[in-house]
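What the coordinates show
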Amino acid sequence: MTDPAALIDDLDARGLVQDCTDLDQLRARLAEGPTTVYYGCDPTADSLHVGNLIGLLVLRRFQDAGHRPVALAGGATGMVGDPSGRSEERNLLDEATLASNVAAIKAQIGRIIDFSDQPGAAVLVDNLDWTREVRLLDFLRDVGKHVTVNQMLARESVKTRLQSEHGISFTEFSYMLLQAHDFLWLHEHLDVELQVGGSDQWGNILGGVDLIRRVRGGVAHGFSWPLLTAPDGTKLGKTTGARIWLDPARTSPYRFYQHWISTDDRQVRQFLAQFTLLSLPEVEAIVAEHGASPERRQAQRRLAHEVTALVHGEQAARDAAAASAILFGAPVADATPAALGLVAAEVPTRQVTRGELEPGLDLAELMAHDGLLSASKSEARRTIVQGGASINGVPAQSGVSVGLADLLHDRWILIRRGKKAYAMVVCEP
RNA sequence: GGGUCGGUGCCCGAGUGGCCAAAGGGAACGGGCUGUAAACCCGUCGGCAUUGCCUUCGGAGGUUCAAAUCCUCCCCGGCCCA
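Source: prediction; values computed, not measured.

This brings us to the overall build of chain A. Helix and strand counts for chain A stand at 21 helices and 13 strands. Across its three principal directions, the C-alpha atoms of chain A cover 75 × 45 × 40 Å. Classification of the 429 residues of chain A by burial places 49% in the buried group. When contacts within chain A are restricted to residue pairs at least 6 apart in sequence, those whose partners lie at least 24 apart make up 72%. As displayed, chain A offers around 20000 Å² of accessible surface, 51% of which is attributable to carbon and sulfur atoms. Placing the 42 positive and 54 negative side-chain charges of chain A at their respective mean positions leaves the two points 3 Å apart.

Following this line, the structure appears as structure tokens:
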């Protein structure tokens, strides 16, 4: 992508531009030469999730186009809590938790963006570094004076919360000022001229753009991409537990891969464009091929491979694909030891000894153990009663146990719940 | 600070002394149909246990044979007033 202006067109064509301060002005600025872009995420957990992946990939696209990305881990803003997209006040995290979260997140960001020591190399910052020492009076005078409460109240996220019975604390209300201050600081110290974020961040981004103009008389840009939606276009219930994490300890590469495999036809083009680094012509070719025979799920397979490789590496993506082929393909009983070993590495496992297996282990007990496949024993039992559980591919009856006789190749037992959830019992010889 | 309304299961929300593990909706989960899809249909949806038992309705006490429902105090929030 040698033509700098092409970057914006590319982002636009990928459906990544929802709002922009001034698209033409931004194009013109990018045409002048390399700039510095920033994207931030708050360390609310010890891992990022796929929602953050879009932002990291946008930074990556800028980096690939010759610009310098700044990734911000919000050690300070995380202490306050962003009210955007939230119907209720957040629980505050303590400083130690936040610090370890920031460390974990930094590692994940490093896998998507290149921080190596080269000209124009990416920078990773933590806003706690410059926010911790800010004194309250200075902040009120230097930042607060430039913003009217009238504007702040007009914010959609604030309005919603004002109308809700939970209200909004001053802490969260102040969040937008902190983020605006971040942009200002980055503008002054790292020459950041552009902030990007999901559309829920649009108000916060504009706050920073305004602040920079008022305080420095400087020009800064911002744009946002649309938030992920459900296949039918409705809002995604993001508070539900269905989050897909980048941390392999939270979401195994196999589960991660499967998440993308399950993509709805209606969204597969969008996801290929937004979650992979494939060129748009490639994406269109894949989509066209998929359209010709959707039942083959070629687009989903490619999507799953690309994203898994980006986050977990090429080998992990291949292993996940191989494991999927076994679990959704040939009868389990025919699987080779090598294949089963691969599966065992990709799905949740339970180690047992021959001694434990000898008298037989209750299936429901096994499925519920440490949440292996079910949240509770009752839930596991229900699944079994409903015919949703199987041992080595054979539907399980209520009350059955697994024992030494079930071992495949004298080592493994494959348990399935429903159509997609697998776990492996591993018996060390 | 005063008045007033409210805090129910993952979420929303009914319930105002026993028939309440608690209506209804959403989410989620299992089955059917399929393409590891969508839509649709059926079922499940606090926990443990083979009729049953245990823990839940902001928190702590109390009244009662019996409380999510009544009383007291406390915590949290909305609205109005100051």
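Read on, since the account is not over.
Turning next to the packing of aromatic side chains. This structure, assessed with the given rule, holds 9 aromatic pairs. Judged by centre distance (5.8 Å) and plane angle (85 degrees), the ring pair of Trp260 and Phe271 falls under edge-to-face. Of this pair, Trp260 sits in helix α13 (residues 253-261) while Phe271 sits in helix α14 (residues 265-275), and the two are 11 residues apart along the sequence. In this structure, Trp260 and Phe271 share a single accessibility class: buried. Ring geometry for Phe328 and Tyr422: centres 6.1 Å apart, planes at 85 degrees, overall edge-to-face. Taken together, the residues span a long stretch of sequence, with Phe328 in the loop between α17 (314-327) and α18 (337-346) and Tyr422 in strand β13 (residues 421-427) at a distance of 94 residues.

On the basis of which strands lie adjacent, the open sheet formed by 6 strands has the order β1-β6-β5-β2-β3-β4 and mixed pairing. Here the strands that pair on one side only, and so sit at the sheet edges, are β1 (19-20) and β4 (123-126). Judged from the 2 bridges that link them, β1 and strand β6 (residues 221-225) form a sheet pairing that is antiparallel. By the bridge assignment for β6, Asp19 is matched with Ser224. Lying over the sheet, helix α12 (residues 202-216) contacts β1, β5 (192-198) and β6, oriented at roughly 175 degrees with respect to β6.

Further remarks concern helix α21 (residues 377-385). Three or more residues of α21 are buried, namely Ala380, Thr383 and Ile384. Along the axis of α21, the buried residues cluster in a sector spanning 100 degrees; they form a single face.

To continue, consider the sheet that holds strand β10 (residues 394-395). A sheet is described by the order of its strands in space; here 5 strands give the open sequence β7-β13-β12-β9-β10, paired in mixed fashion. Each edge of the open sheet is held by one strand with a lone partner, namely β7 (349-352) and β10. Sheet analysis places β7 next to β13, joined by 4 bridges and oriented parallel. The partner of Thr349 across the bridge, within β13, is Met424.

Our next topic: the domain arrangement of chain A. By the assigned domains, chain A splits into domain 1 (4-225), domain 2 (252-338) and domain 3 (347-429). On a C-alpha basis, the centroid separation for the pair domain 2 and domain 3 is 27 Å. Residue-level contacts link 10 residues of domain 2 with 12 residues of domain 3. Here domain 2 and domain 3 share an interface that buries about 920 Å² over both sides, 67% of which is from carbon and sulfur atoms.

Turning our eyes to something else, we now look at a nonpolar patch on the surface. The grouping of Leu136, Leu137 and Leu140 at the surface amounts to a nonpolar patch, some 340 Å² of accessible area in total. Note that Leu136 resides in helix α7 (residues 136-142).

Below, the discussion takes up unusual backbone geometry. A positive phi angle is found at Arg297, which is not glycine, with a value near 55 degrees. Note that Arg297 resides in the loop between α15 (280-292) and α16 (298-312). For Asp410, which is not glycine, the phi torsion reads 60 degrees and is therefore positive. Checked against the element boundaries, Asp410 lands in the loop between β11 (401-402) and β12 (412-417). With relative accessibility at 43%, the residue Asp410 sits in the partly exposed group.

The next thing to look at is the packing of helix α3 (residues 50-64) against α14. Close contact between α3 and α14 brings their axes to 9 Å; oriented N to C, the two are set at 50 degrees. With respect to α14, the axis of α3 lies oblique. Residues Val50, Leu53, Ile54, Leu57 and Arg61 of α3 form the contact with α14, whose own contacting residues are Ala273, Gln274 and Phe275. For the contact of α3 with α14, a count of residues per class yields 6 nonpolar, 1 polar and 1 charged.

Moving on, we get to the nonpolar core. Counting 50 residues, the largest nonpolar core has Phe62, Phe223 and Trp260 as its most contacted members. When residues in this core are grouped by element, the largest group, 8 residues, is from α3. When residues of this core are assigned to domains, at least three fall in each of domain 1 (4-225) and domain 2 (252-338). Trp260 has contacts with Val50, Phe271, Phe275, Gln300, Leu303, Ala304 and Val307, leaving out every residue within four places of it along the chain.

Another point: the packing of α13 against α16. Remark: α13 packs on α16, axes separated minimally by 8 Å, with the N-to-C direction vectors making an angle of 145 degrees. Crossing of α13 against α16: the hand is right-handed. Where α13 abuts α16, its residues Pro253, Phe256, Tyr257, Trp260 and Ile261 lie against Gln300, Arg301, Leu303, Ala304, His305, Val307, Thr308, Val311 and His312. For the contact of α13 with α16, a count of residues per class yields 9 nonpolar, 4 polar and 1 charged.

Conventions and cut-offs
- Residues numbered from 1 in each chain as written.
- Chains lettered and ligands numbered in written order.
- Predicted model: local features only at pLDDT ≥ 70, side-chain atom pairs only at ≥ 80, totals over all residues.
- Heavy atoms only, no water.
- Helix = DSSP H or I, 4+ residues; strand = E, 2+ residues; numbered from the N terminus.
- Buried < 20%, exposed > 50% of the residue type's maximum accessible area, 1.4 Å probe, protein only.
- Contact = heavy atoms within 4.5 Å.
- Areas by Shrake-Rupley, 256 points an atom, 1.4 Å probe, with all protein chains shown as cover.
- Lys, Arg positive; Asp, Glu negative; His and termini not counted.
- Charge placed at Lys NZ, Arg CZ, Asp CG, Glu CD.
- Phe/Tyr/Trp six-rings, centres within 6.5 Å; stacked < 30°, edge-to-face > 60°.
- Pairing = 2+ DSSP bridges.
- Axes fitted to C-alpha atoms, helices over the stretch in contact; angles between N-to-C directions.
- Arc of directions from axis to C-beta.
- Domains from an automatic or database assignment.
- Buried area = accessible area lost by both parts, 1.4 Å probe.
- Patch = residues over 30% accessible without salt bridge, like charges linked within 9 Å, V, L, I, M, F, W, Y side chains within 5 Å.
- Salt bridge = Lys/Arg side-chain N within 4 Å of Asp/Glu carboxyl O.
- Parallel < 35°, antiparallel > 145°, perpendicular 65-115°, else oblique.
- Nonpolar A, V, L, I, M, F, W, Y, C, P; charged D, E, K, R; others polar.
- Core = buried A, V, L, I, M, F, W, Y, C linked by side-chain atoms within 4.5 Å.
- Left-handed = near helix turned anticlockwise from the far one by under 90°.

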